[in-house]
Amino acid sequence: MKKNLLTIVLLCSCTALIKAQTLYGTTFNGGTNNTGVVNKFIPATKGLTVVKNLESLSSSNPWYTKLIQATDGKLYGMTAGFNLAETSDSGSIFSYNPGDSAFTTLYRFDGSQGNFPTGSLLQANDGKLYGMTSQGGTTNQGVIFSFDPVSLTYAKLWDFSDDYGTSPVGSLIQSKDGKLYGMTAQGGSISSSGVIFSFDPVTAIYTLLRAFVFSDNGGGFDNVNPQGSLLEASDGKLYGLGTLNNGFIFSYDPATAAYAKLKQFDTTHGINPYGSLVQVANGKLYGMTKNGGSNGYGVIFSYALQDTILTKLADFDSTNGSYPYGDLTMASNGKLYGMASEGGTKNAGTVFSFDTIAHTLTAIKNFDSTTGYGPMGSLLQAGDGKLYGMTTFGNAGNKGVIFSLDAGNSIFTDLQFFGSNTTGSHISAGLLVAGNGMLYGMAKSGGKYAGGAIVSYNPNTSVYSVVKDFNGDDGSSPYGSLVQATDGKLYGMTSAGGSYHDGVIFSFDPASLVFAKLFDFNSTNGASPFGSLLQASDGLFYGITSSGGINADGVIFSYDAANNMYTLLYNLDAQNGGGRAYGGLIQASNGNLYGLNYYKFTRVNSGSSLFSFNPVNKIYKIAVDFGNNATDGIRPFGSLVKGADNKLYATMSAGGSNGDGILFSYDPATALSNYNNLHDFNGADGTNPYGNLFLSASGKMYGMTYTGGADNVGSIFSFDPASSAFTHLTDYNGINGANPYWGSAFVEVAEAGPLPVSLLSFTGSNNGHDNQLSWKVTNQQLLHYYQLQRSLDGKVFSPVADINNAGTTSYTYNDYIDASLAQLYYYRLKLVDIDGKFTYSNIVAIKIDAGSPFVILPNPVHNILFVQAKGANEPAIFQVVDGTGRTLKEIKVTLAGTTSFSMDISTLSKGLYYLVLLKNDQAETRKFVKE
């Protein structure tokens, strides 16, 4: 029967290398910057070394803050460190040079020296930068600090406490008397409503000037919980704003210590001012409220010092912005500029201008998720005339951006993405050994746009590179691994980003470095995939999402890369079978797909489940219902792995006898709900395994735990399926890595000196029931033999034949296969030297288009033979025949479309047999081997 053939050659001329058994892996945290590492592990010696420390991330999420321009021309600012869940981030001090675009993290707060700064910096007369944090310090209630931009020296100067004020939100100002003045939002000995204070930078003397109270002697409410900063006006007094009880304006005279409540806000004039006041040339004070006014979105107001008149000047209306938190900035053109946290055309905030003469409020920049959004701070007009600011959220990593805006021509420029770096950080899943010998993986964070990156590592040259930065539009925050398909491209998914912010499917060509976004997930078709894609035997990609779909519990889907077609196959349901899967799918020898559900809720238990899915008839079944008793494992974060025995293996992050997780196996060939708990993790050998097992060439499986071990940051272990021996090998210690995360796994790479043989080519093609493999070599004098290996998933390879060194330069081997239905076959060569050293070739994949009426799997087979056959509602007979022509077994079926069934051949002796299809007076025969 004629076949349509597709031959894919993934190996060009290259010199094969032989190295001792070496595993490469990644950790999510640890290393010199606690942002993860790529490491190398040699099982024979238990040697664990770091081959790449990933860079630290620029800090994230500036809050109620603004940039300042120091005397050196650089811009200085602070981030609060909020929203960086993957690592501890207490905020930072940074600089940005508008001249050369250099961004530098100068100091990272560590909690004890301060934490979560929400205000801005001040450059005082002594040239140092001064600021406050809202948390941290000795009391964890905030500190006053200085930072010298010349010597890069940080000093904690004062710890806030209950009696002297706590949790400052705003910034310091320097008065004409040289002292620093500020406010706290809480604390004070009277009612913990905040204080006004001074701090002398020369003597380091802190003075509490006034503790706010709930009510004054007149029975009205005093100013409580101020969020902004003080303003020293032209009359020498300090002016500020309160937030609670609608808020009001107050003054404080440092010379006389006189405090006065000046104006109470109301819903008409605006309520809840969070920022600070600014005085303009006409002598009036201008500010904003977050709420109130005609539309409830806040107002711009003025306050006249001479006649004490409070005037509402403009209402925010959502088109020009809404809910401003920051201050107004007077620019050189006489207009006031500010930012609103919401509103605008994308409801993501605006930059606006306000004309103090015409009282016109105009949005001049509408933020969106690409340019950043939700600005909660204020603007700075620098020496170059441009306005500089920061958004609190947005960009690919959702950590905010620094931007510039030329008010004259409205040119907006993203300058720096918070949470970014040049190497990527926090690689969650394992690496892929691609056909070019390089290792490829994905960093969840960092990269140029802080959305993560595709990275490569050359194990021969030790060169690490970022080959693609995710920018949000084309995806962000990838947690899974890459897969190399039969077209040679790498395919993967991101958990976020894309058109709907729910993740994407993409391809990356390692030869041309071309990236393509292929599909956008959304809440309807599935959202937030955390696992990896699987290219199954039919050539399609299959995967799972953790959310989305009808039940919001995720979906099983297929993706046809050739036709760019996405198909939702099944809606998962946590209430009925399980859902919210964080791993990927595996195809077993019976052709079914298997996966793990993180959650399965019923009225009697809350556990996890292992499921099967038939890609042909779309039947979904629960194979194992975990969580029914104390010894069951629960909460899988990884995927199943197929062993050499065709069983499926995986870990659970929790449950088991010690509650620390289990390692288990499941046999798809046996009855449903039959699984074996092979090991209970116990703390000393590791706890909470989040990743995947890896089947090495030695037959052992290797894995990692997220915590446990000597330093409680994870461990490395092996498991031998043949002997059921579990071995704790070594521990991570933070320096060599920490916390291998979701989907983490090892890959095996051969290492050490060159093998004498040079493999010039390795190709494959199909000829009916034979896949023909050919290779050409030179310099094979010291080579012992070639072992041809075959795989149906490109991961687990089994030996086909050993071909001795015949002294020739060309070799050919015909591998008999079942080419009845569309099928993918993967091949590689194991080149074994006379001293026992070996290396692997790259992989050749052969795709066979559908043509013949049936296929049998697996082959060789142990006890159960699975058959898939095609027919148009017609009867058929299948016979098992031995070499003498005797019929040993027979089964009658009706073929309707594609029909799957199994045959028990456990009673047959080991040897060669034939399966014969009798249909319409015609016979079709397949060979199989009973092991």
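Source: prediction; values computed, not measured.

Participant: How should the overall build of the chain be read in this particular structure?
Facilitator: Scanning the chain from terminus to terminus reveals zero helices and 73 strands. Taken over the C-alpha atoms alone, the chain extends approximately 115 × 60 × 55 Å along its principal axes. At a minimum sequence separation of 6, the contacts of the chain that also span at least 24 residues come to 48%. Accessible surface computed for the chain: about 33900 Å², of which carbon and sulfur atoms make up 48%.

Participant: What's the story with the pattern of salt bridges in this structure? I'm lost.
Facilitator: Pairs may arise between side chains of opposite charge once their charged atoms sit close together. Enumeration according to the criterion identifies ten salt bridges in this entry. Across the pair Lys156 and Asp159 runs a salt bridge, and its minimum N-O distance is 3.1 Å. When the shortest N-O distance is used, the salt bridge between Asp815 and Arg790 registers 2.9 Å. With a gap of 25 residues between them, Asp815 in strand S65 (residues 810–816) and Arg790 in strand S63 (residues 783–791) connect regions that are remote in the sequence. Pair check on accessibility: Asp815 and Arg790 agree, each one buried.

Participant: Got a minute to help me understand empty space enclosed by the protein in this structure?
Facilitator: Picture a little ball the size of a water molecule; that probe, rolled over the atoms, points out where space is still empty. Under the criterion given, the structure shown has two cavities of 30 Å³ or more. What the largest cavity holds in volume is close to 70 Å³. Around the largest cavity, the lining is made up of ten residues, and of these Ser537, Gln587, Ala588, Leu792 and Leu857 lie nearest the centre. Class assignment of the residues belonging to the lining of the largest cavity gives a composition of three nonpolar, five polar and two charged. The computed volume of the second largest cavity comes to approximately 30 Å³. Taken together, Val38, Leu431, Leu439, Gly441, Val455, Ser456, Tyr457 and Tyr464 make up the lining of the second largest cavity. Listed by contribution, the elements that provide at least two residues to the lining of the second largest cavity are strand S35 (439–445) and strand S36 (453–458). Its residues assigned to classes, the lining of the second largest cavity comprises six nonpolar, two polar and no charged.

Participant: So what exactly am I meant to see when it comes to the sheet that holds strand S22 (residues 285–289) here?
Facilitator: By definition, the strands of a sheet pair up through backbone hydrogen bonds, in either a parallel or an antiparallel sense. As summarised here, the arrangement of the four strands in space is S21-S22-S23-S24, forming an open sheet in which the pairing is antiparallel. Here the strands that pair on one side only, and so sit at the sheet edges, are strand S21 (278–279) and strand S24 (310–315). Here two bridges tie S21 to S22, and the two strands are oriented antiparallel to one another. Residue pairing in the sheet places Val278 in a bridge with Tyr286 of S22.

Participant: Looking at this structure, how should I read the pairing of strand S58 (residues 715–720)?
Facilitator: Across a regular strand the side chains alternate sides, sitting on one face of the sheet and then on the other. The buried fraction of S58 is high, at five of six residues. Of the pairings in the sheet, the one linking strand S57 (residues 701–704) to S58 comprises four bridges and is antiparallel in character. By the bridge assignment, Tyr702 is partnered in S58 with Ser718. Note that S58 and strand S59 (residues 725–731) share six bridges and pair antiparallel. Each residue of the ladder has a partner; that of Phe719, found in S59, is Phe726.

Participant: Teacher, can you tell me more about the environment of Gly81 here?
Facilitator: Assignment of secondary structure puts Gly81 in the loop between strand S6 (75–79) and strand S7 (92–97). Discounting chain neighbours no more than four positions away, the residues touching Gly81 are Ser59, Ser60, Asn61, Asp89, Ser90 and Gly91.

Participant: Would you mind showing me how to read the packing of aromatic side chains here?
Facilitator: Given two aromatic rings, one states the distance between the centres and the angle between the planes to describe the pair. With the rule as written, the count across this model stands at 74 aromatic pairs. A ring pair is formed by Tyr274 and Tyr325, whose centres lie 5.2 Å apart and whose planes are at 65°; its orientation type is edge-to-face. Here Tyr274, found in the loop between strand S20 (258–264) and S21, pairs with Tyr325, found in the loop between S24 and strand S25 (329–330); they are 51 residues apart in sequence, far enough to count as distant. Where Phe664 meets Tyr675, the ring centres are 6.0 Å apart and the plane angle is 90°; that geometry is what we call edge-to-face.

Participant: Please explain unusual backbone geometry as it appears in this structure.
Facilitator: Backbone geometry follows two general trends: most residues other than glycine have a negative phi, and most peptide bonds adopt the trans configuration. Positive phi values are uncommon outside glycine, yet Leu152 reaches one of about 60°. Locating Leu152 in the fold gives a position in the loop between strand S11 (143–148) and strand S12 (153–159). In the Ramachandran plot, Ser410 falls in the positive-phi region, its phi being about 60° despite a non-glycine side chain. You can see Ser410 is positioned in the loop between strand S31 (401–406) and strand S32 (411–417).

Participant: I keep staring at the sheet that holds strand S14 (residues 180–184) and nothing clicks. Help me out?
Facilitator: Strand order across the open sheet formed by four strands is S13-S14-S15-S16, with antiparallel pairing between neighbours. Of all the strands in the sheet, the pair left with one neighbour each is strand S13 (173–174) and strand S16 (205–211). Relative to strand S15 (residues 195–200), S14 is paired through five bridges, and the arrangement is antiparallel. Counterpart to Thr184 in the pairing with S15 is Val195.

Participant: Looking at this structure, I do not really get the layout of surface pockets. What am I missing?
Facilitator: Empty space within the second largest pocket amounts to approximately 660 Å³. If you go around the second largest pocket, you meet 34 residues; those closest to its centre are Lys66, Leu172, Ile173, Ser229 and Asp327. For the lining of the second largest pocket, the secondary-structure elements that each account for two or more residues are strand S5 (68–69), S13, strand S17 (231–232) and S21. The residue makeup of the lining of the second largest pocket, split by class, is 16 nonpolar, 15 polar and three charged.

Participant: Hey, could you run me through the pairing of strand S40 (residues 504–509) in this one?
Facilitator: The buried count for S40 comes to six of six residues, which makes it a mostly enclosed element. The two faces of S40 match: Val504, Phe506 and Phe508 on one face and Ile505, Ser507 and Asp509 on the other face are all buried. Sheet topology note: the strand S39 (residues 490–493)/S40 ladder contains four bridges and is antiparallel. Looking at S40, one finds that Leu490 is bridged to Phe508. Joining the antiparallel neighbours S40 and strand S41 (residues 514–520) is a turn of four residues, in which Leu513 adopts a positive phi near 65°.

Participant: Just to check I follow, could you spell out the side chain of Ser353 for this structure?
Facilitator: Locating Ser353 in the fold gives a position in strand S27 (residues 350–354). With residues near it in sequence (within four places) discarded, Ser353 still touches Lys335, Leu336, Tyr337, Thr360, Leu361, Thr362 and Ile364.

Participant: Would you mind showing me how to read the environment of Asn688 here?
Facilitator: Note that Asn688 resides in the loop between strand S55 (675–680) and strand S56 (694–695). Among the residues examined, Asn688 registers a relative accessible area of 21% and is labelled partly exposed. Put simply, Asn688 and Gly709 are 21 residues apart on the chain and 11 Å apart in space, counted from C-alpha to C-alpha. Not counting residues within four places of it along the chain, the set of residues in contact with Asn688 comprises Ser653, Asp660, Thr705, Tyr706 and Thr707. In this structure the side chain of Asn688 is engaged in a polar contact, spanning 2.7 Å, whose partner is the side chain of Thr707.

Participant: When you look at the side chain of Thr350 in this model, what are you seeing that I'm missing?
Facilitator: By secondary structure assignment, the location of Thr350 is in strand S27. When its relative accessible area of 0% is taken as the criterion, Thr350 is described as buried. Within polar-contact distance, the side chain of Thr350 engages the backbone oxygen of Asn320 at 2.9 Å.

Participant: Is there a simple way to think about the confidence of the model for the chain in this case?
Facilitator: In regions of low pLDDT, the predicted coordinates are not meant to be interpreted in detail. Chain-level pLDDT for the chain is 88 on average; 92% of the residues reach the 70-or-more range. In the predicted structure, residues 1–19 sits below a pLDDT of 50 and forms 59 contacts with residues beyond four places in sequence or in another chain.

Participant: Which parts of the structure should I look at to understand the environment of Ser906?
Facilitator: Take Ser906: it is sitting in the loop between strand S71 (887–904) and strand S72 (911–919). Between the C-alpha atoms of Ser906 and Val861, which are 45 residues apart in sequence, the distance is 9.6 Å. Those residues within four positions of Ser906 in sequence are excluded, and the remaining contacts are Asn863 and Lys930. Reaching out from Ser906, the side chain makes a polar contact with the side chain of Asp904 at a distance of 2.8 Å.

Cut-off values and rules
- Residues numbered from 1 in each chain as written.
- Predicted model: local features only at pLDDT ≥ 70, side-chain atom pairs only at ≥ 80, totals over all residues.
- Heavy atoms only, no water.
- Helix = DSSP H or I, 4+ residues; strand = E, 2+ residues; numbered from the N terminus.
- Contact = heavy atoms within 4.5 Å.
- Areas by Shrake-Rupley, 256 points an atom, 1.4 Å probe, with all protein chains shown as cover.
- Salt bridge = Lys/Arg side-chain N within 4 Å of Asp/Glu carboxyl O.
- Buried < 20%, exposed > 50% of the residue type's maximum accessible area, 1.4 Å probe, protein only.
- 1 Å grid on protein atoms, 1.4 Å probe; cavity = no way out; pocket = protein on both sides within 12 Å on 5 of 7 lines; lining within 4 Å.
- Points joined across faces, edges and corners; volume = space filled by probe spheres on them.
- Nonpolar A, V, L, I, M, F, W, Y, C, P; charged D, E, K, R; others polar.
- Pairing = 2+ DSSP bridges.
- Phe/Tyr/Trp six-rings, centres within 6.5 Å; stacked < 30°, edge-to-face > 60°.
- Polar contact = N/O pair within 3.5 Å; in protein donor to acceptor, adjacent residues only side chain to side chain.
- pLDDT = per-residue confidence, 0-100.

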